[in-house]
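# Summary of structural features
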Amino acid sequence: RRLGTDLYPDVTFPFVTVSTVYPGASPEDVEESITRPIEDAVSSIAGVDRVFSLSRENVSLVFIQFKLSVPIGQAVQNARDKVGIAQGQLPLGSEQPVIAQYDISAQPVLVFSAASGADPVAFRELLNDRVRPRIEQIDGVAAVRIQGGAEPEVLVELFPERLSALGLTPGAVFQRIQAEHLDLPGGRYPAGSLEVGVRVKGEFQSVDEIRAMPVATGPDGSLVRLGDVALVRAGPKEVRTIVRTNGVESVSLEVVKQAGANTAVVANAVKKLLPELEAQHRFQAQILIDQAVTIEANAHEVWIAIFFGGAMAILIILVFLLDGRGTFISSLALPTSVIGTLFAMYAMGFSLNQLTLLGLSLAIGLLIDDAVVVRESITRRLEAGQDPATAASEGTREIALAVMATTFTLVAVFVPVAFMSGIVGQFFREFGLTISVAVLISLFIAFTLDPMLSARLAKARRPGEAHEASGPVATRIRAFFDANDRIYARTLDWVLRHKVLTAAAATLLFVGSLGVAGALGSEFLPNEDRNQLVVNLEYPPGTSLPTSSARSGALEKAVRELPGVAAVYAVIGPSEDVRLARWRVNLVDKNARAESDEAYKEKIRAILAKDRLLLTSAVSDPPTLEGLGDWPPILMRVVGRDFDVLRKEAARMIEV
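First things first, this report covers the structure right here in the doc. Because the structure is predicted, anything quoted here is derived from the model rather than measured. Residue positions are given per chain, counted from 1 along the sequence in the order it is written. Restriction of local features to residues with pLDDT of at least 70 applies here, the model being predicted, together with a cutoff of 80 or more for giving and counting side-chain atom pairs; totals for whole chains, interfaces and linings are based on all residues. Only hydrogens and water are removed before side-chain values are computed, so all heavy atoms of the structure are retained for them.

### Quick notes on the side chain of Thr 20
Within the secondary structure layout, Thr 20 lies in strand β1 (residues 15-21). Exposure classes here rest on a 1.4 Å probe applied to the protein chains alone. A residue is buried below 20% of its type maximum, exposed above 50%, and partly exposed in between. For Thr 20, a relative accessible area of 0% puts it in the buried group. Residues count as neighbours in contact if any of their non-hydrogen atoms are within 4.5 Å of one another. Setting aside anything within four residues of it in sequence, one finds Thr 20 in contact with Ile 34, Ile 38, Asn 58, Val 59, Ser 60, Glu 95 and Pro 97. Each helix is a run of DSSP H or I of at least 4 residues and each strand a run of E of at least 2, with the numbering of both proceeding from the N terminus.

Below you can see the structure in the form of structure tokens.
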């Protein structure tokens, strides 16, 4: 019960990001002045695999991919040192670079939208001041990110003619505001036996105080205040991102869990708190992304497979042994091995995820093998007339070497899987170790628990006495086994008399299998219908936010009208790039709709094709791991120094 539940094991991606803001700069200026100096500096770090970057208006993003052998903490520190050296080459006006490790666990486990008829600025402040702290108090929640709505700001619109008459420049006014809006320490003074600290609180408390701020002296010696040369007003900050849920503008809250926290527990705790927050603060919430649903559904299905597989294994043993006591003794290897494996997983810091549960489900058939072999050897000696204690001891000793060879062969197969290199190796480490530990525990049980129970529970038999099971069903099963033995004997006799033909048939089957294997495709993970689709829209450069929002809104409405679509969550202007739009299309449960998610992809593509202004559009499955991004199956990069040539080559590749 202490094991965490997650979709995949915790993995560490060896990426470090360097983000630098250069306000007002074009992508070309950002590339030349910010990105290139940082790239040159970090490229010389030991252990760097490759460096790639993204330069767009106002922002430079440099991604450093290290080799897996480099400790991520050391990688971050080395990147910080090199960027610190390059910082002296950056232009004035650029902000300090931010170096951060890419943490896959710092991704939202739950995303929900909140809508209210209140003022957008006041509503966002309510969510930020009241709702966010309540959610962050939940055990396992690292942070809550808010997107959408409106943020307050004070806008100062200068009157150029009045500034010219007074000989003022906008820069001088800007510096004056900065100098007045300060909150500084003022030292300390003694007060008898005490010492009192002094702080000068000079920050503006209202818009009227800003308007009354002196900025110059008039020709007649009078004070000129900011309100005389500018329009000063409070209002919402310029909107660069719009969030909509089913066509209604809203605010989205992304709940990020702490590293190592149980994803399902954190998400469920937030969902349990939501109704109380809705009633208290009078807003409507709709869950958009819930990783707990996918995790719990996967875990539930795998547990069903484990229990079903275990039950079928026990049934097969009962049919073949026709011995109730022997079946009971052998079947105890399953629960004891699984529970022992869960304890080992807890000791190694593993979680219940797709890979560990897959390992357990695969091992179910292996865990009982050793016990069956030991039990069969003991049963044969019982039928020879030995007493239970002697049969248990001698029968186990007789096949001990063979059972150990079988078990250690399995360990030799799966332990190397646990130590594969690369990102794949990080995923399969828990898988390989889980299976290896499980079969080793089953070996221990086969050599201890099974002989002990056989010596205590098995009944002594007379020499040649058959199994204890009797009756018409057991008689027919034995008759079937006897007939099967005769068929096998005749088949083996024919094979031994036609060795060349048998070898030729086996060779033909092997060659044919190789041909079929070559035709199989390859995927990192199988496609899953997770009742969600991701849609990315891109409009031509220069498209304004109102245009992107209006055109995206019309497409959203058409998609919402499709039967089986539960919700459309749209972000217009992600990362403040107003010509982009990103949707999450939530479908009803796959068991409640007649068509697959692939059919919905085609329908959505047909709807998007009607918007002739769209530059590109893509409909895909949600990322395997939230935060990895929904990378397309084929990604081509055109590299060069001349952007005009690059554009032509990219257009030519698209046409081909």
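### Some remarks on empty space enclosed by the protein
With a 1 Å grid laid over protein atoms only, a set of points is called a cavity when a 1.4 Å probe fits there but cannot get out and a pocket when it is open yet has protein on both sides within 12 Å along at least five of seven lines; lining residues have an atom within 4 Å of a point. Grid points are joined across faces, edges and corners, and a volume is the space filled by probe spheres set on the points. Under the criterion given, the structure shown has 1 cavity of 30 Å³ or more. Here the largest cavity is characterised by a volume of approximately 40 Å³. Residue lining of the largest cavity: Thr 5, Asp 6, Leu 7, Ile 295, Asn 298, Ala 299, Val 302, Leu 352, Asn 353, Gln 354 and Leu 357, and that is the complete set. Elements with a minimum of two residues in the lining of the largest cavity: α9 (291-321) and α12 (354-367). With 4 residues, the top contributor of residues to the lining of the largest cavity is α9. A class-by-class count of the residues in the lining of the largest cavity yields 6 nonpolar, 4 polar and 1 charged. Side-chain classes are defined by residue name, with Ala, Val, Leu, Ile, Met, Phe, Trp, Tyr, Cys and Pro counting as nonpolar, Asp, Glu, Lys and Arg as charged, and the others, Gly among them, as polar.

### Comments concerning unusual backbone geometry
With a phi angle near 55°, Asn 246 is a residue other than glycine that sits in the positive phi range. Locating Asn 246 in the fold gives a position in the loop between β13 (242-245) and β14 (248-249). Positioned with a positive phi, Arg 282 is a non-glycine residue whose angle comes to about 55°. Locating Arg 282 in the fold gives a position in the loop between α8 (263-281) and β16 (284-290). The class for Arg 282 is exposed, based on a relative accessible area of 73%.

### Focus: the environment of Val 415
By the secondary structure assignment, Val 415 is in helix α14 (residues 388-418). In this structure, the C-alpha to C-alpha distance between Val 415 and Ile 634, residues 219 residues apart in sequence, is 33 Å.

### Concerning the pattern of salt bridges
A side-chain nitrogen of Lys or Arg and a carboxyl oxygen of Asp or Glu constitute a salt bridge if their distance falls within 4 Å. Counted according to the given criterion, the structure contains 26 salt bridges. The salt bridge involving Asp 290 is made with Lys 271; its shortest N-O contact spans 2.5 Å. Taken together, the positions of Asp 290 in strand β16 and Lys 271 in helix α8 put the pair 19 residues apart, joining distant regions of the chain. On the basis of relative accessible area, Lys 271 is assigned to the partly exposed category, the value being 23%. In this structure, Arg 497 and Asp 493 form a salt bridge, with 3.0 Å as the shortest nitrogen-oxygen distance. With Arg 497 and Asp 493 both in helix α16 (residues 472-497), this residue pair falls 4 residues apart, about one helical turn. For Arg 497, a relative accessible area of 54% gives the class exposed. With a relative accessible area of 40%, Asp 493 lands in the partly exposed category.

### Quick look at helix α13 (residues 369-383)
A helix's residues, less one, multiplied by 1.5 Å, set its expected span. Between its terminal C-alpha atoms α13 stretches 21 Å, which fits the 21 Å expected from 15 residues at 1.5 Å a residue. Considered for burial, the residues of α13 that qualify are Asp 370, Ala 371, Val 374, Arg 375, Ser 377, Ile 378, Thr 379, Arg 381 and Leu 382. The elements touched by buried residues of α13 are α9, α10 (324-331), α11 (333-347), α12, α14 and α15 (422-457). Looking one or two places after α13, you find Gly 385, whose phi comes out positive at around 105°.

### Points about the nonpolar core
Working definition of a nonpolar core: buried Ala, Val, Leu, Ile, Met, Phe, Trp, Tyr and Cys residues. They are joined through side-chain atoms within 4.5 Å. Among the nonpolar cores identified, the biggest contains 24 residues, and Leu 537, Trp 583, Val 585, Ile 604 and Leu 608 are the most heavily contacted of them. Mapped onto this core, the elements with two or more residues apiece are β17 (532-538), α18 (545-560), β18 (565-572), β19 (580-587) and α19 (597-608). Leu 110, Val 141, Leu 274 and Leu 277 belong to the second largest nonpolar core, which has 22 residues in total.

### Overview of the packing of aromatic side chains
Any Phe, Tyr or Trp ring, taking Trp's six-membered ring, that has another such ring centre within 6.5 Å forms a pair; planes under 30 degrees apart are called stacked, those over 60 apart edge-to-face, and the others tilted. Scanning all chains against the criterion turns up 7 aromatic pairs. Centre to centre, the rings of Trp 303 and Phe 307 are 6.0 Å apart; their planes meet at 35°, and the pair counts as tilted. Placement of both Trp 303 and Phe 307 in helix α9 is noted, with a separation of 4 residues, approximately one turn of the helix. Assessed through its relative accessible area of 23%, Trp 303 is described here as partly exposed. By the ring-pair criterion, three or more aromatic residues cluster together here, those being Phe 320, Phe 480 and Phe 481. Placement of a charge over a ring requires the Lys NZ or Arg CZ to be within 6 Å of the ring centre, with the centre-to-atom vector within 35 degrees of the ring normal. A cation sits over an aromatic face here: Lys 603 above Tyr 600, 5.4 Å from the ring centre. Directly above the aromatic system of Phe 52 lies the positively charged group of Arg 637, at a separation of 5.9 Å from the ring centroid.

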